[in-house]
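# Residue-level structural notes
The chain contents come next:
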Amino acid sequence: NRVVSRPAKVVEAERDAYDGATAYLDDQIGKLFAELDRRHALRNTVVIIGADHGEELGEHGRWGHAYSLYAEVIHVPLIVIADGAPAGFHVTRPASLRDIAATIADLAGLHRASLPGTSLARFWENGAQGDSVDDPVYTSFGKYRSLYADHYHYFVGVNDDREHLYDFEHDPLEEHDLASDPAMAPILGRFRETMTDVAPHGTGPDALAVPPASK
């Protein structure tokens, strides 16, 4: 468990350092694009920018990136620059990094039946929704499991095997856990069933001993 209390000055310094590292990376990416543009390479180049994880900088009392599935860890940048992808197009619903390989194959006109995921081109071809908002986006880390579906983020296990439920549209910082609200019992039940369907065998809620919502 990485719940740690740190002095305010330490928190500020670490966040400033993180912002500085992000600004440096942004500058380097800008230089890369400038060079690609100078060589006229962007005309036939697909550029996809993503990240493997976010970083907890004191949110929910945690530090690092290997101790939870809160949004600050799994909500990462995903930018696609390619011929046919409209500039400034913003997707508001969750997508997955596992879709990148299928996206590259799709944009290159290659057969992709054996690749996991679904091409992200569906978003700009079909509109901002892309596909059904009920289609879950699944994430796992160790024994922890996470699902985004509809406008909720459901996950199991922050070193305690508990259920957590957040409305990511209205509570993007995940400050209000809805899992203990009796009114959310039907939604929790639906997520448990979905988790069992999408998670690999033996890693669903039953395997994690998820308590009933009423407890």
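Residues numbered from 1 in each chain as written. Predicted model: local features only at pLDDT ≥ 70, side-chain atom pairs only at ≥ 80, totals over all residues. Heavy atoms only, no water.

### Details of the packing of aromatic side chains
Evaluated as defined, the whole model comprises five aromatic pairs. Judged by centre distance (5.1 Å) and plane angle (80°), the ring pair of Tyr-70 and Phe-155 falls under edge-to-face. Of the two residues, Tyr-70 sits in the loop between strand 3 (63-64) and helix 2 (71-74) while Phe-155 sits in strand 7 (residues 152-156), which places them 85 residues apart along the sequence. Ring centres of Tyr-148 and Phe-168 lie 5.3 Å apart, and the angle between their planes is 70°; on these two criteria the pair is classed as edge-to-face. With a gap of 20 residues between them, Tyr-148 in strand 6 (residues 144-149) and Phe-168 in the loop between strand 8 (163-167) and helix 5 (185-198) connect regions that are remote in the sequence. Grouped by ring-pair contacts, the aromatic residues Tyr-70, Phe-155 and Tyr-166 constitute a single cluster. Taking the ring centre of Trp-63 as reference, the NZ or CZ of Arg-6 above it sits at 4.3 Å. (Phe/Tyr/Trp six-rings, centres within 6.5 Å; stacked < 30°, edge-to-face > 60°. Helix = DSSP H or I, 4+ residues; strand = E, 2+ residues; numbered from the N terminus. Lys NZ or Arg CZ within 6 Å of the ring centre and 35° of its normal.)

### A closer look at helix 3 (residues 100-107)
Taken residue by residue, helix 3 has Ala-102, Thr-103 and Ala-105 as its buried positions. On an axial view of helix 3, the arc spanned by its buried residues comes to 165°, and they lie on one face. (Buried < 20%, exposed > 50% of the residue type's maximum accessible area, 1.4 Å probe, protein only. Arc of directions from axis to C-beta.)

### Points about helix 5
In a regular helix each residue adds 1.5 Å, so 14 residues correspond to 20 Å; helix 5 covers 20 Å between its end C-alpha atoms and thus fits that length. Taken together, the buried positions of helix 5 are Ile-187, Leu-188, Gly-189, Phe-191 and Met-195. Taken together, the buried residues of helix 5 touch strand 5 (137-141), strand 6, strand 7 and strand 8. (Expected span 1.5 Å × (residues − 1). Contact = heavy atoms within 4.5 Å.)

### A word on the confidence of the model for the protein
On average, the protein scores 82 in pLDDT, and the residues at 70 or more come to 84%. The low-confidence segment residues 130-134 (pLDDT under 50) makes nine contacts with residues lying over four places distant or belonging to another chain. Ignoring residues within four places in sequence, the model shows residues 201-215, a span with pLDDT below 50, making 29 contacts including any to other chains. (pLDDT = per-residue confidence, 0-100.)

### Notes on the pattern of salt bridges
The final tally for this structure, using the stated rule, is seven salt bridges. Between Glu-14 and Arg-6 there is a salt bridge, with the nearest N and O atoms lying 2.6 Å from each other. The salt bridge involving Asp-99 is made with Arg-122; its shortest N-O contact spans 3.6 Å. Separated by 23 residues along the polypeptide, Asp-99 in the loop between strand 4 (78-81) and helix 3 and Arg-122 in helix 4 (residues 121-126) bring together distant segments of the chain. On the accessibility criterion, Asp-99 (6% relative accessible area) is buried. The class for Arg-122 is buried, based on a relative accessible area of 12%. (Salt bridge = Lys/Arg side-chain N within 4 Å of Asp/Glu carboxyl O.)

### Let's talk about the nonpolar core
With twelve residues, the main nonpolar core is built from Leu-147, Ala-149, Tyr-152, Tyr-154, Val-156, Leu-165, Ala-179, Met-184, Ile-187, Leu-188, Phe-191 and Met-195. Broken down by secondary-structure element, the contributors of at least two residues to this core are strand 6, strand 7 and helix 5. Take this core: its biggest share by element is four residues, from helix 5. (Core = buried A, V, L, I, M, F, W, Y, C linked by side-chain atoms within 4.5 Å.)

### Details of the pairing of strand 1 (residues 47-50)
Residues in a regular strand project their side chains so that they alternate between the two faces of the sheet. Side-chain alternation along strand 1 places Val-47 and Ile-49 on a buried face and Ile-48 and Gly-50 on a face that remains uncovered. As paired strands, strand 1 and strand 4 are joined by four bridges and run antiparallel to one another. Pairing of Ile-49 across the sheet is with Ile-79, part of strand 4. (Pairing = 2+ DSSP bridges.)

### As for the side chain of His-153
If you trace the backbone, His-153 turns up in strand 7. His-153 gets classed as buried once you look at its relative accessible area, which sits at 0%. A polar side-chain atom of His-153 sits 2.6 Å from a polar atom in the side chain of Glu-174. When neighbours within four sequence positions are excluded, His-153 is seen to be in contact with Leu-69, Ala-71, Ile-74, Ser-146, Leu-147, Tyr-148, His-164, Leu-165, Tyr-166, Phe-168 and Glu-174. (Polar contact = N/O pair within 3.5 Å; in protein donor to acceptor, adjacent residues only side chain to side chain.)

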